Amino acid sequence: MTTTAPTRQAAPRSAVRPAVPPRRRGKRRGTGLAALLFLLPMFAVFGVFSWLPILQTAVMSLQETNLVDTPEFVGLDNFARVLDDPLLWTAVRNTMWFAFLALVIGYPAPLVLAVLMNEVRRLRGLYSALAYLPVVVPPVVAVLLWKFFYDAGPNGLFNTVLGWFGVAPVAWLQDGGTAMVSLVVESTWAAMGGTVIIYLAALTRVPPELYEAAEIDGASVWRKVWHVTLPQLRGVLLITFILQIVGTAQVFLEPFLFTGGGPANRTTTVLLLIYNYAFASSLGGDYGAATALSLMLAVVLALLSALYFRLTRSWSTT
Amino acid sequence: MTDRGVLSSHDRRNPGVRSVIATVQGLLLGGLLLIGLGPVLWLAKSAVTPTQDTLRAPLALWPNGFDFANLVTAWTRVEIDKYFLNTVLLAFGAWAVQLLVAMTAGFALSVLRPRYRKLVTGVVLATLFVPSVVLLVPLYLTITDLSLINSFWAVWLPAGANAFNVLLVQRFLDGLPREVFEAATVDGAGPLRLFVSVVLPMSRPILGVVSVFAVIASWKDFLWPMLVLPDPAVQPLSVRLPALQRFVELDVFLAALAISTLIPVALFLVFQRLFLNGGALGGAVKG
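Residues numbered from 1 in each chain as written. Chains lettered and ligands numbered in written order. Predicted model: local features only at pLDDT ≥ 70, side-chain atom pairs only at ≥ 80, totals over all residues.

Moving on to the overall build of chain B. Each helix and strand in chain B was counted, giving 16 helices and 0 strands. Whereas a compact globule of 287 residues would reach a radius of gyration of roughly 19 Å, chain B reaches 24 Å, over 25% beyond that. Each principal axis of the C-alpha atoms in chain B carries an extent, and together these give about 75 × 70 × 35 Å. Put simply, chain B has 287 residues, and 41% of those count as buried. Summarising the internal contacts of chain B: among those between residues at least 6 apart in sequence, 74% fall at separations of at least 24. (Helix = DSSP H or I, 4+ residues; strand = E, 2+ residues; numbered from the N terminus. Rg over C-alpha atoms; globule rule 2.2 N^0.38 Å. Buried ≥ 20, exposed ≤ 12 C-beta atoms within 10 Å, placed from the backbone. Contact = placed C-beta atoms within 7 Å.)

Rendered as structure tokens:
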């Protein structure tokens with residue numbers, strides 16, 4: 001029993017906190033060493049598998065590296081070579097197209113679902129479970145399954161459905177026009193449940209007094225959603241937005257397994273290109289180019305998040 | 001926990017509103033059944049359907065014949081059992097490493113509070129903003145240097161470098177009443193005892209959340225295990241399945257997909273509350 005009287009009194013989710021936590025300095029000499037010891041696993045794992053590789057990326061992007069010879073400094077050659085690669089601009093365009101489609105299709109869907117589901121009073125668990133189920137399907141299984149659904153023949157699963165409405169079969173993944181949309185639809189299906197759960201959790205934290213105040217002012221349901229629910233979710237919406245941009249900019253699994261970048265490089269994304277530079281059997285082994293491109297991608301992503309944070313901050317203060 | 005959403009109880013008593021709610025919720029449930037459960041059920045059906053049936057009429061509700069041998073063939077002849085075990089081992093190790101790193105670090109930063117706590121938190125937080133792709137090549141070369149290729153450690157150890165876990169645990173511990181820690185310290189508990197007897201038992205909710213994230217992430221992982229585990233004998237399902245597609249008949253392949261989905265879905269159904277209430281960490285200080 002660890003529960004003592006004072007704990008029981010402290011409400012688990014108390015809104016009231018002491019304004020200034022009592023500071024206790026000195027008289028804890030042993031804790032300095034103990035803290036260091038407790039931090040040791042983290043320092044070791046992060047050091048070797050996170051902090052060091054991050055620094056190495058910067059160095060390697062300036063080097064010509066293969067696994068045999070000693071690395072040789074080549075200045076900005078790797079960057080120049082990557083920027084000269086016409087495939088890079090194709091990959092950038094494709095990735096932006098994927099991100100855009102994911103924003104149009106994948107961003108509003110979980111929000112709408114969550115707001116609707118939050119009004120459900122009976123069998124709520126069932127709704128959440130159904131929405132979340134695709135998330136627990138392993139992504140590789142999901143892609144391979146959907147690859148079958150997207151079969152281009154008239155007996156393909158989606159084409160069968162289209163056939164009921166007299167629509168001719170679509171070559172989902174083989175057609176340059178529909179390939180990317182097909183990828184986005186699958187990845188939205190696969191990821192949506194997680195976001196729904198995040199929104200549902202955030203919705204329970206919306207203070208009911210705000211709705212009541214809006215009702216006293218005679219607000220309609222729609223106005224309550226617009227003026228109470230959405231503003232209250234602003235923080236979460238910002239987080240999921242950034243997460244989605246950062247995530248879609250790194251999309252790999254779908255193009256890699258669905259199309260391998262085809263048809264005619266229409267679904268080659270930046271990450272797929274990085275993978276190809278470093279590990280593909282045909283090109284492969286060009287670690288310099290791969291790190292140079294990943295570094296550029298990282299900078300763009302960091303700028304995007306920084307810009308977005310700044311924008312939203314200035315909007316919310318003015 | 002609020003017991004109301006956009007609609008007030010007054011709204012809910014209005015018969016017009018009620019019928020609209022009923023309609024919307026009916027559609028919502030139907031849609032969720034179709035998109036959430038539909039593909040999974042389809043996979044379950046197709047796993048025991050002969051290839052010809054699945055190809056000819058993929059949407060037939062009831063196949064002409066059942067072929068339960070698909071599952072057996074997949075499990076034994078296609079050696080799904082082996083890849084399944086690999087997947088479990090990979091998930092288990094990644095889980096253990098992540099839990100160890102996140103709990104010890106979270107405890108040190110949040111409860112022991114060394115003076116450099118802000119700095120360390122900052123450096124950990126910073127890795128969140130570094131997309132994992134940046135690490136891909138140097139991390140791969142690190143693994144090569146350490147001769148960990150084809151070793152499970154190549155997956156387990158990097159999994160521990162998860163800033164999200166550390167921050168999650170830290171934030172959770174920050175929210176616990178400090179009086180408990182102080183009381184324990186006054187009673188003579190050292191840091192280790194404080195960690196084992198006070199903080200760990202109080203951390204059950206966050207342990208659950210981190211565990212779920214860890215197992216799910218490991219089960220999902222594809223690119224990294226594919227790179228560092230080139231030997232099929234040590235590969236998890238996620239890496240092996242795309243390769244199998246090329247030389248296994250469709251019905252057996254779909255059976256293999258179904259088997260791969262079974263454990264995560266079963267885990268989800270059993271620990272549903274953990275998955276679905278993961279964000280809400282209320283009731284942390286219950287006895």
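On to the nonpolar core. Counting residues in each nonpolar core, the largest one holds 153 residues, and the members touching the most others are Tyr-132, Ile-274 and Leu-293 of chain A together with Ala-94, Phe-107, Ala-256 and Leu-257 of chain B. Ranked by residues supplied to this core, first place goes to helix 5 (residues 80–112) of chain B with 16 residues. When residues of this core are sorted by domain, at least three fall in each of domain 1 (9–47) and domain 2 (74–276) of chain B. Beyond its immediate stretch of four places on either side in the chain, Ala-256 of chain B contacts Ala-74, Val-78, Ile-80, Leu-241, Leu-244 and Val-248 of chain B. (Core = buried A, V, L, I, M, F, W, Y, C linked by C-beta atoms within 7 Å. Domains from an automatic or database assignment.)

Turning next to the UniProt feature "transmembrane region" (unreviewed entry) in chain A. Residues given the UniProt feature "transmembrane region" (unreviewed entry) here are residues 33–54, 96–117, 129–150, 156–173, 180–202 and 289–309 of chain A. The span residues 289–309 of chain A is 100% helical and 0% strand by assignment, and the distance between its end C-alpha atoms comes to 30 Å. (UniProt positions renumbered as here; feature names shortened; annotations may be inferred.)

Two quantities define a packed helix pair, namely the angle between the helix axes and the distance between the axes. Residues and elements named next belong to chain B. Put simply, helix 5 and helix 11 (residues 191–202) touch, their axes get as near as 12 Å, and they point 105 degrees apart. Classified by the angle their axes make, helix 5 and helix 11 are roughly perpendicular. Across the interface between the two elements, Phe-107, Val-111 and Leu-112 from helix 5 touch Pro-191, Leu-194, Phe-195 and Val-199 from helix 11. (Axes fitted to C-alpha atoms, helices over the stretch in contact; angles between N-to-C directions. Parallel < 35°, antiparallel > 145°, perpendicular 65-115°, else oblique.)

Next up on the list: the domain arrangement of chain B. Residue and element names in this part refer to chain B. Split by domain assignment, chain B resolves into domain 1 (9–47) and domain 2 (74–276). The interface of domain 1 with domain 2 comprises 5 residues on the first partner and 6 residues on the second. Residues belonging to the side of domain 1 that touches domain 2 are distributed by class as follows: 4 nonpolar, 1 polar and no charged. (Nonpolar A, V, L, I, M, F, W, Y, C, P; charged D, E, K, R; others polar.)

The next subject is the UniProt feature "domain: ABC transmembrane type-1" (unreviewed entry) in chain B. Listed under "domain: ABC transmembrane type-1" (unreviewed entry) in the UniProt record, and renumbered for this structure, are residues 84–271 of chain B. Annotation note: span residues 84–271 of chain B, helix share 80%, strand share 0%, distance between end C-alpha atoms 20 Å.

Attention now goes to the environment of Thr-121 of chain B. Along the chain, Thr-121 of chain B falls in helix 6 (residues 117–129). Separated by 50 residues in the primary sequence, Thr-121 of chain B and Arg-171 of chain B have C-alpha atoms spaced 11 Å apart.

Below, the discussion takes up the interface of chain B and chain A. Each partner contributes to the interface: chain B provides 86 residues, whereas chain A provides 86 residues. Counting residues per element, the side of chain B that touches chain A draws most heavily on helix 2 (residues 15–47) of chain B, which supplies 13 residues. Tallied by class, the residues present in the side of chain B that touches chain A amount to 63 nonpolar, 19 polar and 4 charged.

Time to look at the UniProt feature "transmembrane region" (unreviewed entry) in chain B. All names here are of chain B. Sequence positions flagged by UniProt for "transmembrane region" (unreviewed entry) are, in local numbering, residues 20–44, 83–112, 119–141, 153–173, 194–219 and 252–271. Secondary structure across residues 119–141 comprises 91% helix and 0% strand; the distance between its end C-alpha atoms is 28 Å. The span residues 194–219 carries 96% helix and 0% strand; its end-to-end C-alpha distance comes to 33 Å.

Glancing now at helix 15 (residues 250–270) of chain B. Across its 21 residues, helix 15 of chain B extends 30 Å between first and last C-alpha, which sits within 8% of the 30 Å expected from 1.5 Å per residue. Maximum bend of helix 15 of chain B: about 30 degrees, positioned at Leu-262 of chain B, with proline Pro-264 of chain B one to four residues after it. (Expected span 1.5 Å × (residues − 1). Bend = angle between axes of the 7 residues up to and from the residue.)

Bringing the confidence of the model for chain A into the picture now. Residues shown with low pLDDT carry predicted positions that ought not to be read at fine detail. Residues and elements named next belong to chain A. Per-residue pLDDT for chain A has a mean of 82; in total, 86% of the residues score no lower than 70. Within chain A, helix 7 (residues 139–149) carries the highest mean pLDDT (92), whereas helix 1 (residues 5–9) carries the lowest (41). Scored below 50 in pLDDT, residues 1–27 shows 18 contacts in the model against residues more than four places distant or in partner chains. (pLDDT = per-residue confidence, 0-100.)

Let us look at the packing of helix 5 (residues 108–117) of chain A against helix 9 (residues 179–203) of chain A. Residues and elements named next belong to chain A. Running from N to C, helix 5 and helix 9 point in directions that differ by 45 degrees, and their axes come no closer than 8 Å. Between helix 5 and helix 9, the interaxial angle falls into the category oblique. Crossing handedness for the pair helix 5 and helix 9: right-handed. Counted together, Ala-109, Pro-110, Leu-111, Leu-113, Ala-114 and Met-117 of helix 5 and Thr-188, Met-192, Thr-195, Val-196, Tyr-199, Leu-200 and Leu-203 of helix 9 form the full contact between these two elements. Residues that form the contact of helix 5 with helix 9 fall into these classes: 11 nonpolar, 2 polar and no charged. (Left-handed = near helix turned anticlockwise from the far one by under 90°.)

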